[in-house]
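Structural overview for review
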Amino acid sequence: MPDAARLYALRCEYAPNPLGIAVARPRLSWKLQADRRGARQTAYQILVATSLDALRADRADLWDSGKVASDQSLHVEYAGTPLGSSQRAWWRVRVWDENDVVSPDSELAWWETGLLARSDWRAEWIGGALVGGPRTSVPAPYLRKTFGVEPTNPIAAARLYVTALGLYEFRINGRKVGEDFLTPGWTDYNKRVQYQVYDVTDLLQPGENALGAVLGDGWYCGNVEWRGRQLYGDRPKLLAQLHLTHADGATTVVVSDGSWTTAYGPVLEADLLMGEAYDARLEMPGWDTPDFDADAHGWRPVQTFAAPGMEIEAEAQTAAETGVKTAMELSAMRGPTVRATQEITPVAPPKEIAKWPLPDYLFDLGQNMVGRVRLKVKGPRGTTVVLRFGEMLKPNGTLYTENLRTALQTDHYTLRGDEAGEVWEPRFTFHGFRYVQVAGYPGKPEPDAITGVVLHSDTPPTGTFACSDPLLNQLQSNIDWGQRGNFVDVPTDCPQRDERLGWTGDAQVFIRTAAFNRDVAAFFNKWQQDLADAQSEAGAYPPIAPNTNVVGADGGPAWADAGIICPWTIYLCYGDTRLLAEHYDGMKRFVQFLVETKPDGPPFPHRRGGWSGFGDWLSINAETPTDLIGVAFLAHSARLLARIADVLQKPEDAARYNGLADEVKQAFANRYLTPAGLLAASTQTACVLALHFDLIPPGSRPQVVQTLVSDIGKRGTRLSTGFVGSPYLAHVLSENGQLATAYALLHQTQWPSWLYAVTQGATTIWERWDGWTEDKGFQDAGMNSFNHYAYGAIGDWLYARVAGIDLDPDRPAYKHVVMRPRPGGKLTSARATLDSMYGPIVSDWKLEDGAFVWNVAIPPNATATVWVPTHDPASVRENGQPVAGASGVDFLREEDGAAVYALASGTYQFTAQLPLPSPS
């Protein structure tokens, strides 16, 4: 009898042991590990208990699912006793495999709820007295409170529920709470703010305890985009509540209220865009400890503020029934927090730049990154060190900062004069940079004077891609670094200039690549709520979310469509049906908005007041008509909405939206396709959209494909597509018999191309194909980011077509893997891995001695269809033996230059003879 499967990676709402969730019926997931082929789950049993001891004794006093005959191991909804606020549930699972052998019990896991009712919140909003202006900031307020714990009744458990309008760093007894930064993150504060929950039991002590917090301006009242400060409010505010459970079972709640005191200290400025200024001479040692004498140091009572109409999400129905309109909801975290994930040291000693009276020093970290630096310095008291950040250098070797626009990206540190030296790291800012120019440094800095600290939302890596071409490997690195640097609580467009907004167009073109590189399910669950909060009453989705109203309420074609494309993609990659259901009504309103705002006649989404949107943004000498893009995306969104309706078992809606998509498809052909089968607009993007969205009759496809290929050839095997067309370009070529052209574009090193920036030393993706060129230098500084992830969408093609890892939309989350590598171009090998919701998937191929050698891994509880590229199916071997006798392998058919097989889970090695051209 084969060994039983082992269970691992237990998750609740995508997270291991989540603290403070507000989901009434959380979803539970797990993975199977087995060393044999064909391992799969046929049944499961989940036990949920109120205590660890009860679960260990098999007393499932909250829920015992019983033995459920099912292969479902993702998103199993909890169906037990409803939990109250601050309640922990312990759970474990066992499964039965294909031989009806039961697994050992899984590891023990848990989840804990947050504060589920408005009445659970007793705290008041508190803050300092100083208020800045639209262009001027004020020092960061420090807040503190002390309280006692009877030594005879010690603390058994403690939870901190905390948030801010602005940013906060919370401290208890001299220690920072948690490993998160830039909390509570960015939302539309007019509608919601998130709170975090921390287990702080180990930070408390018998006797006197001290709570402390420092507040930064953040997105709430600091600089956002290019319009200045105070978009949402005038100053930062704190809301905190500490729940103590004592050894005897009694509870104590310590809240933020008027009993707290405040002072201003060394943080003189704390702005995300401008930077942070810190004067160490103003430090207050021990301010966050019980022994600190606040009165002696002039601390004053805090100011309290009226609650800005908060409403817990769970009470939304009550609010609707009573007619009480709330201005802002207090929401539990849905996505990951921002964390420091890596440190980078300079690649060379600092370069000295002659200036009077002291030289500047330029540090090169070797990688364009996002985060901050740790400064190590020793010098006289009162010396101020200025840190200026940039992504590129000018031809004269100095820092290029013109592309920052109004963002200063400058930090200041004033020394206290410690003879042992000083180390400083800012709290409330982040920068996009590779280079750091340091002014005012006392003496000559050592290389370790600067350390880069990488910040981004905590999205664990899930995918890897590598191949025989070093340039493509660097491109993949650039794509991932661009993703990390721009996924800072929201999917921003850039991390350096005065923008850093959640552009919807960038997010939707890149989301498929993002889901290969990293686990972004929870990240996009949170952002989809931001997008829902930003949707207009008419149904329009804006171009940015959270929406600052700087660019309007209607994002226009390809931008607004993120409201449908993004949740659909998360469903495909993670099987998240609930995300579709939560936002289904909003998606319907959006499509209805498109239909209602078209002019009379054919369904062309005209938008009231004329066409809006950004067209094929940053295309190269190829203007695709905005109305064509609009019609194409209306058809695409309608078709996706029909598929979503099918998933949600709404057949009438599915029929209606399929009918709309068919109507738009016919209108597209009538308006843009000539009788000869040519598109009236023959840009590469027009051809790509028409082909990829299936908007033209089958008989006209060859002509449109030829138009596309001809245009590429006329441009010297170069693309002209912008943000809208580029994500689909290589897919359209490889799926329409033009694999060689797709590879030629991929390997192209002259601009415009994916590899041009790589050849110029780029370590992230550029905003523009021509951000810098040999003949013209830097592009327009007004819009020239060197860390912009949109063109990194080619990563999807690298994983899915070059390496060959794809999915079946009818069995999402890689329940059924579609493996079809497409060798070509200069490549002699490619390898990709993906840690899917079911476990690791591997596709690792190479060309060796005239043969195609392919190692494949399919996780337990999943299956696959694999396409072995060969023109001679009889030559296919599995593990050196004829494939006909291989366990777990069934021949399906020969198709399109490949032998197609069905695979059970397991690891395999295929070999086949290929009449491939020699790599050039």
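Quick note: structure is the one above.
The structure contained in this document is the topic of the report that follows.

One open sheet holds the seven strands; their spatial order is 37-44-45-46-52-48-49, and the pairing between them is antiparallel. Looking at strand neighbours, the two that pair on one side only are strand 37 (463–467) and strand 49 (881–882), the edges of this open sheet. Across eight bridges, strand 44 (residues 829–836) lies against strand 45 (residues 839–848) in antiparallel orientation. Counterpart to leucine 834 in the pairing with strand 45 is isoleucine 841.

Moving on: the packing of aromatic side chains. Counted according to the given criterion, the structure contains 49 aromatic pairs. Judged by centre distance (5.0 Å) and plane angle (45°), the rings of tryptophan 559 and phenylalanine 614 are tilted. Residue tryptophan 559 is located in the loop between helix 6 (521–534) and helix 7 (562–574), and its partner phenylalanine 614 is located in the loop between helix 8 (577–596) and helix 9 (626–647); the two are separated by 55 residues in the primary sequence. Using a relative accessible area of 3% as the deciding quantity, one classes tryptophan 559 as buried. For phenylalanine 614, a relative accessible area of 23% gives the class partly exposed. Ring pairs connect the aromatic residues Trp845, Phe852, Trp854, Phe891, Tyr901, Tyr908 and Phe910, which therefore count as one cluster. For lysine 176, the ring lying beneath its charged end belongs to phenylalanine 181, and the centroid distance is 4.8 Å. The positively charged end of arginine 820 is found above the aromatic ring belonging to tryptophan 867, 4.0 Å away from the centroid.

The next thing to look at is the pairing of strand 11 (residues 141–149). With seven of nine residues buried, strand 11 lies mostly within the body of the structure. When strand 11 meets strand 20 (residues 261–264), the two strands line up antiparallel, connected through four bridges. Paired with proline 141 across the two strands is tyrosine 264, which belongs to strand 20.

Now for the sheet that holds strand 17 (residues 207–216). Read across the open sheet, the six strands follow the order 14-13-17-11-20-23; overall the sheet is antiparallel. In this open sheet, the two strands that pair with only one neighbour each are strand 14 (175–176) and strand 23 (300–301). Note that strand 13 (residues 167–172) and strand 14 share two bridges and pair antiparallel. Across the sheet, arginine 171 pairs through a bridge with lysine 176, a residue of strand 14.

Moving on: helix 10 (residues 651–672). Helix length check: helix 10, at 22 residues, gives a terminal C-alpha distance of 31 Å against a target of 32 Å (1.5 Å per residue), a fit within 8%. Restricting attention to buried positions, one finds in helix 10 the residues Asp653, Ala654, Tyr657, Leu660, Ala661, Val664, Ala667, Phe668, Ala669 and Tyr672. Residues of helix 10 that are buried sit in contact with helix 8, helix 9 and helix 11 (684–692).

The linkage connecting alanine 545 with the following residue, proline 546, adopts the cis geometry, with an omega of -5°. Look at the link from tryptophan 751 to proline 752: it is a cis peptide, with omega at 0°. Position of proline 752 among the secondary structure elements: in the loop between helix 14 (739–747) and helix 15 (756–759). With a phi close to 55°, threonine 717 is a non-glycine residue in the positive phi region. Tracing the backbone through its elements, the reader meets threonine 717 in the loop between helix 12 (701–714) and helix 13 (726–735). Residue classification places threonine 717 among the partly exposed positions, given a relative accessible area of 29%. Of note in the backbone geometry, aspartate 849 takes a positive phi value of approximately 55° without being a glycine. Following the sequence through the fold, aspartate 849 ends up in the loop between strand 45 and strand 46 (851–858).

Turning next to the pattern of salt bridges. One pass over the structure, following the stated rule, counts 65 salt bridges. In this structure, aspartate 806 engages arginine 512 in a salt bridge whose closest nitrogen and oxygen atoms are separated by 3.7 Å. Pair noted here: aspartate 806 is in strand 42 (residues 805–807) and arginine 512 is in helix 5 (residues 504–517), with a separation of 294 residues, a long-range link. A relative accessible area of 13% places arginine 512 in the buried class. Across the pair aspartate 653 and arginine 656 runs a salt bridge whose closest N-O atoms are separated by 2.8 Å.

Now for the layout of surface pockets. A probe as big as a water molecule, rolled over the atoms, marks out the empty space that is left. One number sums up the size of the second largest pocket: a volume of about 1,200 Å³. Lining the second largest pocket are 39 residues; nearest its centre among them are Leu572, Arg643, His692, Glu735 and Arg801. The residue makeup of the lining of the second largest pocket, split by class, is 20 nonpolar, seven polar and twelve charged.

Turning to the environment of glycine 148, a few remarks are in order. Counting through the fold element by element, glycine 148 comes out in strand 11. Accessibility expressed as a relative area gives 54% for glycine 148, which makes it exposed. Measuring from C-alpha to C-alpha, the distance between glycine 148 and alanine 210 comes to 8.8 Å, with 62 residues separating the pair along the chain. The contacts of glycine 148, once residues within four sequence positions are left out, are Gly207 and Glu208.

Conventions and cut-offs
- Residues numbered from 1 in each chain as written.
- Predicted model: local features only at pLDDT ≥ 70, side-chain atom pairs only at ≥ 80, totals over all residues.
- Heavy atoms only, no water.
- Pairing = 2+ DSSP bridges.
- Helix = DSSP H or I, 4+ residues; strand = E, 2+ residues; numbered from the N terminus.
- Phe/Tyr/Trp six-rings, centres within 6.5 Å; stacked < 30°, edge-to-face > 60°.
- Buried < 20%, exposed > 50% of the residue type's maximum accessible area, 1.4 Å probe, protein only.
- Lys NZ or Arg CZ within 6 Å of the ring centre and 35° of its normal.
- Expected span 1.5 Å × (residues − 1).
- Contact = heavy atoms within 4.5 Å.
- Salt bridge = Lys/Arg side-chain N within 4 Å of Asp/Glu carboxyl O.
- 1 Å grid on protein atoms, 1.4 Å probe; cavity = no way out; pocket = protein on both sides within 12 Å on 5 of 7 lines; lining within 4 Å.
- Points joined across faces, edges and corners; volume = space filled by probe spheres on them.
- Nonpolar A, V, L, I, M, F, W, Y, C, P; charged D, E, K, R; others polar.

Shape is all these values report; function is a separate question.
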